[in-house]
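Fold and contact review
Listed below, chain by chain, are the residues.
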Amino acid sequence: MYSLHEGSGLFLLAVLAGLQIATEGRGILPCKPGFSEDAYKVVVPDIIEEGQPLFSVRFDTCGGTGQLQFECSNPSDFWIDSDGVVYAARRIQHSTLPSLLLMIKASDTTTQQQWMTQVNLTPSTHSSQQVQEIPPVMSKDLKEIAFPSRNSHSQLKRMKRDWVIPPINVPENSRGPFPQELVRIRSDHDKNRSLRYSVTGPGADQPPTGIFIIDPISGELSVNKPLDREHISNFHLRAHAVDLNGNQVENPIDIVINVIDMNDNRPEFSHQIWNGTVPEGSKPGTFVMTVTSVDKDDPKTANGMLRYKILSQTPESPTTNMFTINNKTGGIITVAAGLDREKVHQYTLIIQATDMEGNPMYGLSNTATAVIRVTDINDNPPEFTAEMFFGEVPENRVNVIVTNLTVNDKDQPNTPAWNAVYKITGGDSTGRFSVPTDPTTNEGLVTVVKPIDYEAGRTYVLTVEARNEVPLARGIHSPRQSTATVSIRVIDVNESPYFEPNPKLIKLEEGMLAESTLTTFTAQDPDRYMQQNIRYSKLSDPANWLRIDPNTGRITTIAILDRESTFVKNSLYNATFLASDNGVPPASGTGTLQIQLLDINDNAPKVFPQEVEICEKPEPNAINITALDGDLNPNAGPFAFELSHRPSDVRRNWTITRISGDYAQVSLKIGYLESGIYEVPIIITDSGNLPMSNTSYLRVKVCQCDVNGDCTDQQHIMAAGLGTGAIIAILLCIIILLILVLLFVVWMKRRDKERQAKQLLIDPEDDVRDNILKYDEEGGGEEDQDYDLSQLQQPDTLEPDAIKPVGIRRLDERPLHPEPQYPMRSAAPHPGDIGDFINEGLKAADNDPTAPPYDSLLVFDYEGSGSTAGSLSSLNSSSSGGDQDYDYLNDWGPRFRKLADMYGGNDD
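Note that the coordinates shown come from a computational prediction; the quantities given were computed from them, not determined experimentally. Here, residues in each chain are numbered from 1, in the same order as that chain's written sequence. Predicted model: local features are reported for residues with pLDDT of at least 70 only, side-chain atom pairs are reported and counted for 80 or more only, and whole-chain, interface and lining totals are derived from all residues. Computation of side-chain values: all heavy atoms of the structure, hydrogens and water removed.

Notes on the overall build of the protein chain
Spelled out, the test is: Secondary structure follows DSSP: runs of H or I at least 4 residues long count as helices, runs of E at least 2 residues long count as strands, and numbering of each begins at the N terminus. Each residue is assigned to one of three classes by its accessible area relative to the maximum for its type, calculated with a 1.4 Å probe on protein chains only: buried under 20%, partly exposed between the two thresholds, exposed over 50%. Whether two residues touch is decided by their heavy atoms; if any such pair falls within 4.5 Å, the residues are in contact. Each accessible area is a Shrake-Rupley result for a 1.4 Å probe, and residues are judged covered by the shown protein chains and nothing else.
Within the protein chain, the regular secondary structure consists of 7 helices and 57 strands. Evaluated residue by residue, the protein chain yields a buried proportion of 34% over its 908 residues. Here the analysis covers contacts within the protein chain between residues at least 6 apart in sequence; of these, 67% occur between residues at least 24 apart. Total accessible area computed for the protein chain in this model is approximately 55,600 Å², and 52% of it derives from carbon and sulfur atoms.

Quick notes on the state of the cysteines
Threshold: Our working definition of a disulfide is a cysteine sulfur pair at a distance within 2.5 Å.
Summed over all chains, the structure comprises 1 disulfide. Between the sulfur atoms of Cys615 and its disulfide mate Cys705 the distance is 1.9 Å. Between Cys615 and Cys705, the S-S dihedral sits near -105°, and the bridge is therefore left-handed. Within this pair, whereas Cys615 is found in strand S51 (residues 611-615), its partner Cys705 is found in the loop between strand S57 (693-703) and helix H2 (715-719), the two being separated by 90 residues in sequence.

Re the pairing of strand S10 (residues 85-88)
Our working rule: Paired strands, as defined in this entry, are two strands with at least two bridges between them according to DSSP.
Both faces of S10 are covered, namely the face carrying Val85 and Tyr87 and the face carrying Val86 and Ala88. Where strand S6 (residues 53-56) and S10 come together, 3 bridges link them in antiparallel fashion. Following the sheet pairing, Pro53 is matched in S10 by Tyr87. One ladder, built from 3 bridges, connects strand S9 (residues 78-80) with S10; its direction is antiparallel. Paired with Ile80 across the bridge in S10 is Val86. The turn joining S9 and S10, which pair antiparallel and follow one another in sequence, is formed by 4 residues; a positive phi near 90° is taken by Gly84.

Remarks on the nonpolar core
For the record, the criterion: Here, nonpolar core refers to any group of buried Ala, Val, Leu, Ile, Met, Phe, Trp, Tyr and Cys residues whose side-chain atoms link them within 4.5 Å.
Judged by nonpolar contacts, the single largest core of 26 residues is most densely connected at Ile185, Phe212, Leu227 and Ile257. Elements represented by at least two residues in this core include exactly strand S16 (168-171), strand S17 (180-186), strand S18 (195-200), strand S19 (212-214), strand S20 (220-223), strand S21 (234-243) and strand S22 (253-260).

Here's the deal with the confidence of the model for the protein chain
Put simply, the test is: Each residue gets a pLDDT score, which is the predictor's confidence in that residue and runs from 0 to 100.
Put simply, the protein chain has an average pLDDT of 78, and 77% of its residues get 70 or more. When the criterion is pLDDT under 50, residues 1-29 qualifies, and its contacts beyond four places in sequence or with other chains add up to 74 contacts. Note that pLDDT drops below 50 for residues 151-163; the model gives that stretch 37 contacts with residues more than four away or on any other chain.

Focus on the pattern of salt bridges
We apply this condition: Any carboxyl oxygen of Asp or Glu that lies within 4 Å of a side-chain nitrogen of Lys or Arg is treated as forming a salt bridge with it.
Inspection of every chain in the model, using the stated rule, returns 22 salt bridges. With a shortest N-O distance of 3.4 Å, Arg91 and Glu49 are connected by a salt bridge. Of the two residues, Arg91 is situated in the loop between S10 and strand S11 (92-93) and Glu49 in the loop between strand S5 (47-48) and S6; the sequence distance between them amounts to 42 residues. Residue Glu49 is classed as partly exposed on the basis of its relative accessible area, which comes to 40%. Here Arg563 makes a salt bridge to Glu564, at a shortest N to O gap of 3.0 Å. What makes Glu564 partly exposed here is its relative accessible area of 23%. What you see here is one network of salt bridges that share partners, running through Arg58, Arg238 and Asp254.

A short note on the side chain of Ser282
Condition: As used in this structure description, the phrase polar contact means that two N or O atoms lie within 3.5 Å; if the pair is within protein, one of them must be able to donate a hydrogen and the other to accept it, and residues adjacent in sequence are counted only when both atoms belong to side chains.
Tracing the chain through its elements places Ser282 in the loop between strand S24 (273-279) and strand S25 (287-290). Of the polar contacts made by the side chain of Ser282, one reaches the backbone oxygen of Pro279; its length is 2.4 Å. The contacts of Ser282, once residues within four sequence positions are left out, are Ala337 and Leu339.

Remarks on the environment of Ala559
Structurally, Ala559 is set in the loop between strand S47 (554-557) and strand S48 (572-581). Judged by relative accessible area, Ala559 falls into the partly exposed class, the value being 23%. Residues Ala559 and Ala543 lie 16 residues apart in sequence; the distance between their C-alpha atoms is 8.9 Å. Not counting the four nearest positions on each side in its chain, Ala559 is found in contact with Met512, Leu513, Ala514, Asn544 and Trp545.

A look at the packing of aromatic side chains
Convention followed: Centre distance within 6.5 Å is the pairing criterion for rings of Phe, Tyr and Trp, where only the six-membered ring of Trp is used; planes under 30 degrees apart are then read as stacked, over 60 as edge-to-face, and the remainder as tilted.
For the structure shown, the criterion picks out 17 aromatic pairs. Plain terms: the ring middles of Phe59 and Trp115 are 5.0 Å apart, the flat faces sit at 70° to each other, and that makes the pair edge-to-face. A residue pair is termed long-range when its members are at least 10 positions apart, and Phe59 in strand S7 (residues 59-60) and Trp115 in strand S13 (residues 114-123) qualify at 56 residues. Each member of the pair, Phe59 as well as Trp115, carries the same accessibility label: buried. Judged by centre distance (6.0 Å) and plane angle (65°), the rings of Phe384 and Phe389 are edge-to-face. Phe389 sits in the buried class, given a relative accessible area of 8%. Pairwise contacts between aromatic rings join Phe35, Phe59, Phe70 and Trp115 into one cluster.

Examining the environment of Leu668
Note on placement: Leu668 falls in strand S55 (residues 663-668). What makes Leu668 buried here is its relative accessible area of 8%. In this structure, the C-alpha to C-alpha distance between Leu668 and Ile614, residues 54 residues apart in sequence, is 8.5 Å.

Comments concerning the sheet that holds S10
Spelled out, the test is: Between the N-to-C directions of two axes lies an angle of 0 to 180 degrees, each axis being a line fitted to C-alpha atoms and, for a helix, fitted only over the stretch in contact.
Spatially, the 3 strands line up as an open sheet ordered S6-S10-S9, and their pairing is antiparallel. In this open sheet, the two edge strands, each paired with only one partner strand, are S6 and S9. Adjacent strand axes in the sheet meet at a mean angle of 25°, parallel and antiparallel pairs treated alike.

What about the side chain of Asp428?
Short version of the rule: Two residue types count as positive, namely Lys and Arg, and two as negative, namely Asp and Glu; His and chain ends fall outside the count.
Mapped onto the elements of the fold, Asp428 is located in the loop between strand S36 (420-426) and strand S37 (433-434). Although Asp428 lies buried, it forms no salt bridge, and the closest oppositely charged side chain, Arg432, sits 6.0 Å away as judged by the N-O distance. Of the polar contacts made by the side chain of Asp428, one reaches the backbone nitrogen of Phe433; its length is 3.0 Å. Setting aside chain neighbours within four positions, we find Asp428 in contact with Phe433 and Leu462.

Topic: the sheet that holds S47
The antiparallel open sheet is built from 3 strands, whose spatial order is S43-S47-S46. Each edge of the sheet is formed by a strand with only one pairing partner; in this case those strands are strand S43 (517-520) and strand S46 (546-548). Across this sheet, the average inter-strand angle for adjacent strands is 20°, counted without regard to direction. Alignment of S46 against S47, held across 3 bridges, turns out to be antiparallel. The partner of Ile548 across the bridge, within S47, is Ile555.

A look at unusual backbone geometry
That bond from Pro207 to Pro208 is cis: its omega, -5°, falls within 30 degrees of zero. A cis geometry characterises the amide bond from Phe608 onward to Pro609, with omega recorded as 0°. With respect to the helices and strands, Pro609 occurs in the loop between strand S50 (606-608) and S51. You will see that Met356, though not glycine, has its phi angle at about 55°, which is positive. Structurally, the position occupied by Met356 is in the loop between strand S30 (346-354) and strand S31 (365-375). Assessed through its relative accessible area of 22%, Met356 is described here as partly exposed. The phi torsion at Asn399 lies on the positive side, around 55°, for a residue other than glycine. Of note, Asn399 is situated in the loop between strand S33 (388-394) and strand S34 (400-405).

The following block contains the structure:
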């Protein structure tokens with residue numbers, strides 16, 4: 001057995017693993033899930049700090065997939081992690097206790113199966129035969145971790161106890177030197193044979209590799225570099241012992257290395273500037289905001305325990321300590337009264353966070369800024385800038401601003417606590433005024449919403465009260481300055497005269513003669529305080545029937561009133577008159593006179609329809625007719641229908657039968673009447689008082705009819721309304737259309753002839769006679785060149801194929817046929833022979849099959865080899881150059897001597 005004690009800042013424990021003895025002759029037992037031992041014995045320090053790892057228990061799941069949950073019997077002192085490591089839940093001192101029994105339970109959350117084991121905790125200061133000091137080895141006071149010993153001479157009996165190796169604590173950020181030895185791993189078998197030690201796991205042979213190394217011979221486990229707890233807080237290694245042949249001589253043991261936290265991280269605020277608000281007038285204890293900071297160190301140790309405090313407050317008004325902060329949570333609250341936004345609208349606090357539970361000597365600190373804005377409440381009512389406001393407005397004007405009411409409000413502008421609302425509390429019983437608020441200036445705009453009459457009231461005195469959109473804060477009352485008086489003076493203006501009543505209705509019988517007086521239509525002037533005269537004029541009189549007196553307004557007629565006029569609608573005739581005063585400026589008003597004309601029997605009835613058709617034979621030959629009368633009942637129907645006595649054949653050929661008061665039926669009285677148009681006179685009498693009669697002519701067209709009673713002769717077309725004028729118009733249209741077609745045909749033919757004539761013209765590009773031949777090089781002169789001029793003088797001797805390629809030829813070019821024999825002109829023909837030459841050429845052309853048509857253009861490519869023109873010397877030069885000397889042309893050679901003779905010689 002071995003012991004492990006504290007020394008050199010490292011907590012080392014000597015752990016003896018329980019002896020595992022297998023029964024001889026027994027085979028391999030099947031795997032059963034459970035703890036590695038039924039009982040564990042652990043040596044712990046006398047003083048255990050909170051959060052310190054103590055030991056670990058091993059549980060074999062035998063490859064099961066269930067999730068394990070560990071529980072301990074004393075959760076107030078210890079807690080166990082899911083990996084089986086047991087930690088101290090608080091600071092514990094065991095110096096007075098001989099031992100402590102701890103029960104650990106494992107539960108499978110899937111199968112609900114449970115397992116139990118017990119752990120005996122023994123203080124390291126408790127004397128025991130199982131714990132004794134290990135002398136220094138290899139000149140170093142390293143503590144040893146021994147593999148569980150095996151005694152082959154003991155009885156074949158399995159021990160139900162095992163030593164649990166406590167974790168190894170290594171401080172982070174160690175300065176070395178490195179490698180730094182931690183513990184020594186050894187086995188009892190190294191006394192009689194050579195062994196080799198190794199460790200595996202993350203930090204050794206797994207990433208991050210190279211942190212821990214072990215001497216394979218001595219078994220010294222060392223750390224190779226500084227550790228960072230914020231990166232990796234613990235390492236789980238497994239130690240192995242093998243012989244030189246690689247055979248395992250000991251079962252691997254687990255080693256847990258915990259990285260002890262050091263205070264190497266300052267608190268960090270999640271925001272450098274924190275913003276909060278608090279209403280003004282808040283009571284002490286009002287919550288404002290919470291600031292938080294994070295420390296990367298272990299929060300279970302003092303290194304990560306933060307404390308907050310306020311370093312400064314700006315401004316220090318009304319007191320230096322208006323706020324306080326919860327040193328653990330960072331919550332800021334008010335501690336003093338007197339927050340007034342109108343005095344201090346914002347506070348700036350410097351907040352400090354310190355770890356080590358706020359220890360100013362050992363803790364690390366950091367600061368942040370908290371900006372607290374004091375929000376506005378409605379603690380200041382609006383106050384008018386004056387007690388009395390004045391304004392004036394012309395009468396009869398609406399939507400006019402009379403005056404502006406100004407107020408002062410100390411609350412924050414453009415907020416509901418600052419926006420003013422105005423209310424008229426007196427002096428406006430009829431509701432002629434309103435006071436809306438200007439959203440920009442917060443002023444009250446006294447506005448006229450209903451017309452004001454100067455004659456009804458010359459002055460108005462209003463009482464206006466100003467409030468805010470939100471009620472005043474509790475305990476705040478409106479002062480006297482929140483109410484003002486408004487005095488409004490009304491200005492008299494010239495108002496328009498008005499007719500009363502308007503419109504004015506009078507009833508008269510139609511037919512009233514001219515110069516009859518109808519009525520008097522006068523207007524009233526509302527300006528009682530102005531002495532003005534009113535004159536009248538006619539503004540609208542559609543039928544020009546009326547006249548009005550400009551002074552008295554008396555209306556008389558100038559024509560007979562007719563109810564049947566087109567200007568009368570529903571027996572009403574409307575006329576409009578104008579009344580104007582002599583004010584400054586003049587004003588005028590209009591009035592409408594409505595005349596209801598009563599009907600009299602002044603219109604005789606007329607037959608309707610005026611044109612009808614009837615068949616030659618009696619059946620079917622009845623026609624229904626009625627009468628039209630411009631008068632109204634009872635001066636219209638019922639009507640009396642009667643055939644006239646003249647001409648005599650009317651009553652012989654026709655008969656009329658009354659159907660009702662408004663309708664009658666006309667039919668043939670004889671068996672047959674020849675086709676044609678007949679005028680049938682009918683006497684119609686109305687039913688008015690003093691009835692009126694009228695002889696109307698019914699135009700009847702007698703025609704041949706089909707079985708349906710419809711006319712079938714051609715005269716039906718004429719009766720349908722196709723008159724002589726319409727037929728003449730149709731004929732004129734047809735003639736004009738024919739002329740246009742004829743002109744279009746003539747124009748098309750003329751355009752075709754012009755196109756054919758243009759095709760016979762010579763293409764300027766093909767006519768080489770008029771083209772300019774350009775030569776890029778002139779050589780040394782004509783005397784030095786030897787040209788064959790015969791080709792130019794007789795182009796007809798060239799082969800046609802040499803002139804143009806096959807298939808390229810003008811339309812007027814002769815085809816390739818044997819050339820006819822045209823007469824040749826002599827070199828100097830007699831003038832009398834010219835006629836014979838022309839006649840002979842004409843005959844040859846007429847007999848030439850290759851010649852173009854007579855009406856086409858004849859093209860001559862070659863004019864002959866001879867010329868009747870003499871020498872150029874026979875031409876006399878103009879006398880305009882006689883005074884010049886051309887003798888120098890003789891010096892230019894024989895080619896210019898002719899020019900010298902022509903221009904330099906005498907006149908003869």
